[in-house]
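Here is what each chain is made of, one letter per residue.
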Amino acid sequence: MSELRKENIKIDNREYVDPVKEVIHGKTYFLINSSSIHATIIRKLRDIFFLYFYNRKSNCLVYSEGLNIYLDEEDDNTYVIPDIVIVCDSSKFIEDGYRGIPELIVEVLSRKTRSKDKGLKYRLYEKSGVKEYWIIDLKSMSVEQYILKDGRYFLELLVSIEEDNDIEDAEEEESIMKSYVFEGMEVDFNNIF
């Protein structure tokens, strides 16, 4: 496996030593620290997913930010670090990540990652065969759920939360997303945003 050179880089007048990066088709994308709301959304979802698998005594594992995912077994020049990833085949772990196709990936959009998450990574996940892909948009307080059918993603559900929404008055069904891959996994986004 090829090793990327460690280096100091400067982004937005901050210097990073050996920054976190993704490589897609040989092009390097540096990842910088996210906002506190971004991190909070990821933590809340990770905890919900973890409890779901823990309560079912499942072998599936939930990772949030930090696991290199090599989607193509032959391509060392492409790996991603999703915000949240669920993997269920422990035989696919390698020294520096996971070489295989996750069951579900969640990306939380930021100003700097919006176009990559909705474009380049969307196409990469679709082509690789990731069964379910959720895109969380903090700006519009919405979540898109894409399901892989016959090799293509289809928008299965769009959940949108109104900022001034009174949780008691909201129709619960409109805020709940049910996983296509994991039976019984539900997330009420009124409790996430």
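It should be noted that the structure appears before, not after, this text.
Keep in mind that what you see is a predicted model, and the values were worked out from it rather than measured.

Student: Sorry if this is basic, but what is going on with the nonpolar core here?
Tutor: Across soluble globular proteins, nonpolar side chains have a tendency to be buried as a group. Ranked by internal contacts, the top residues of the largest apolar core, which has 26 residues, are Leu-45, Phe-49, Ile-86, Trp-134, Ile-136 and Phe-189. Contributions of two or more residues to this core are made by helix H1 (36-55), strand E7 (84-87), strand E10 (104-109) and strand E11 (132-137). At 6 residues, the largest contribution of residues to this core is made by H1. With residues near it in sequence (within four places) discarded, Phe-49 still touches Val-62, Ile-84, Ile-86, Leu-104, Val-106, Trp-134, Met-185 and Val-187.

Student: Teacher, can you tell me more about the pairing of E11 here?
Tutor: Looking along a regular strand, one sees side chains alternate from face to face of the sheet. For E11, a buried count of 6 out of 6 residues is recorded, marking the element as mostly surrounded by other parts of the structure. Residues Glu-132, Trp-134 and Ile-136 point to one face of E11 and Tyr-133, Ile-135 and Asp-137 to the other, with burial holding for every one of them. One ladder, built from 6 bridges, connects E10 with E11; its direction is parallel. By the bridge assignment for E11, Leu-104 is matched with Glu-132. Regarding the hand of the β-α-β motif, the stretch spanning E10, helix H2 (residues 114-128) and E11 is right-handed.

Student: It is not clear to me how unusual backbone geometry should be interpreted in this structure. Could you clarify?
Tutor: The bulk of non-glycine residues show a negative phi, and the bulk of peptide bonds are trans. The backbone of Lys-57 shows a phi angle near 50°, a positive value even though the residue is not glycine. Phi at Asp-150 takes a positive value of approximately 55°, unusual for a residue other than glycine. Along the polypeptide, Asp-150 turns up in the loop between strand E12 (142-149) and strand E13 (152-160). A relative accessible area of 83% means that Asp-150 is categorised as exposed.

Quick notes on the rules
- Residues numbered from 1 in each chain as written.
- Predicted model: local features only at pLDDT ≥ 70, side-chain atom pairs only at ≥ 80, totals over all residues.
- Heavy atoms only, no water.
- Core = buried A, V, L, I, M, F, W, Y, C linked by side-chain atoms within 4.5 Å.
- Buried < 20%, exposed > 50% of the residue type's maximum accessible area, 1.4 Å probe, protein only.
- Helix = DSSP H or I, 4+ residues; strand = E, 2+ residues; numbered from the N terminus.
- Contact = heavy atoms within 4.5 Å.
- Pairing = 2+ DSSP bridges.
- Right-handed = clockwise from strand over helix to strand, strands pointing away.

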